[in-house]
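Coordinates in review
Below, each chain spelled out in residue letters.
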Amino acid sequence: MKKDTNKLLKGLIISAVTFLAGYAITMLSFNFFENITINQMRAVFAADITALIITGCIAYFFYENKKAKEAKRKATEKRRLERVEALRKEKDEINRIIFQANKVA
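The next point concerns the overall build of the chain. Along the backbone of the chain there are two helices and zero strands. Computed over the C-alpha atoms, the radius of gyration of the chain is 30 Å, more than 25% above the 13 Å expected from 2.2 N^0.38 for a compact globule of 105 residues. Relative to its full complement of 105 residues, the chain shows a buried share of 3%. When the accessible surface of the chain is split by element, carbon and sulfur atoms take 68% of a total near 9,900 Å². Averaged over its 20 positive side-chain charges, the chain has a centre that lies 3 Å from the centre of its 11 negative ones.

What follows is about a positive patch on the surface. There is a patch of like positive charges on the surface, built from Lys3, Lys7, Lys10 and Lys66. Considering each element in turn, the positive patch owes the most residues, three residues, to helix 1 (residues 2-32). Along the chain, lysine 3 falls in helix 1. Note on lysine 3: relative accessible area 65%, which makes it exposed.

Here the focus is the pattern of salt bridges. Counted under the stated rule, the structure contains six salt bridges. For glutamate 93, the salt bridge is made with arginine 96, and the minimal N-O distance between the two is 2.2 Å. With glutamate 93 and arginine 96 both in helix 2 (residues 38-104) and three residues apart, this pair spans about one turn of that helix. We classify glutamate 93 as partly exposed; its relative accessible area is 36%. Residues participating in the shared-partner salt-bridge network are Glu85, Arg88 and Asp92.

Looking at the element boundaries, glutamine 40 is found in helix 2. Among the polar contacts listed, one links the side chain of glutamine 40 to the backbone nitrogen of threonine 37, at a separation of 3.0 Å.

It is worth spelling out a nonpolar patch on the surface at this point. Residues Phe19, Leu20, Tyr23 and Met27 make up a contiguous nonpolar surface patch of roughly 470 Å² in combined accessible area. A relative accessible area of 58% places phenylalanine 19 in the exposed class.

For the structure shown, the criterion picks out two aromatic pairs. Seen in terms of ring centroids, phenylalanine 19 and tyrosine 23 are 6.3 Å apart; in terms of plane orientation they differ by 20°. Their pairing is stacked. Of this pair, phenylalanine 19 and tyrosine 23 both sit in helix 1, separated by four residues, roughly a single helical turn.

About the criteria used
Per-chain numbering applies: the sequence of each chain, read as written, is numbered from 1 onward. The model is predicted, so local features are restricted to residues of pLDDT at least 70 and side-chain atom pairs to those at 80 or more, both for listing and for counting; the totals for chains, interfaces and linings are taken over all residues. Note: side-chain values were computed over all heavy atoms of the structure, leaving out hydrogens and water. Helix and strand assignments come from DSSP, with helices taken as H or I runs of at least 4 residues and strands as E runs of at least 2, each series counted from the N terminus. Computation of the radius of gyration draws on C-alpha atoms alone. For the globule rule, the value is 2.2 Å times the number of residues to the power 0.38. Burial classes follow relative accessibility: with a 1.4 Å probe on protein chains only, a residue under 20% of its type's maximum area counts as buried, one over 50% as exposed, and anything between as partly exposed. Calculation of accessible area relied on Shrake-Rupley with a 1.4 Å probe; when residues are assessed, cover is drawn exclusively from the protein chains displayed. Under this rule, positive means Lys or Arg and negative means Asp or Glu; His and the chain ends count for nothing. Here the site of a charge means atom NZ of a Lys, CZ of an Arg, CG of an Asp or CD of a Glu. The patches reported here contain residues having more than 30% relative accessible area and no salt bridge. Joining distances are 9 Å for like charges and 5 Å for nonpolar side chains (Val, Leu, Ile, Met, Phe, Trp, Tyr). Whenever Lys or Arg places a side-chain nitrogen within 4 Å of a carboxyl oxygen from Asp or Glu, that contact is recorded as a salt bridge. Pairs of N or O atoms are called polar contacts if they sit within 3.5 Å, as long as, within protein, a hydrogen donor faces a hydrogen acceptor (for residues adjacent in sequence, only side-chain-to-side-chain pairs). Pairs were defined over the aromatic rings of Phe, Tyr and Trp, the Trp ring being its six-membered one, requiring ring centres within 6.5 Å. Orientation was assigned from the angle between planes: stacked under 30 degrees, edge-to-face over 60, tilted for the rest.

Okay, here's the thing in structure tokens:
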């Protein structure tokens, strides 16, 4: 439950920041619309698009890095469990040999 609440809170914060940043950029662009030339407007538009692309790339790489870390953690856990299972089988085999030796003796 706490994890779901934490995810929801993070999502709301990210959405709010994204909304406010988009609103501020749009407001800035429209306020300058009558005061700047067409080339300056193109530059503002290009800067806006560039900022959105950079933000999207950062979010994508952050997400992919998180997925890669999770996959690495799962692979490490799987290898550890395989080693534990191998050691358990080896121990069981040793105990079986000792038990049979005690029966014979």
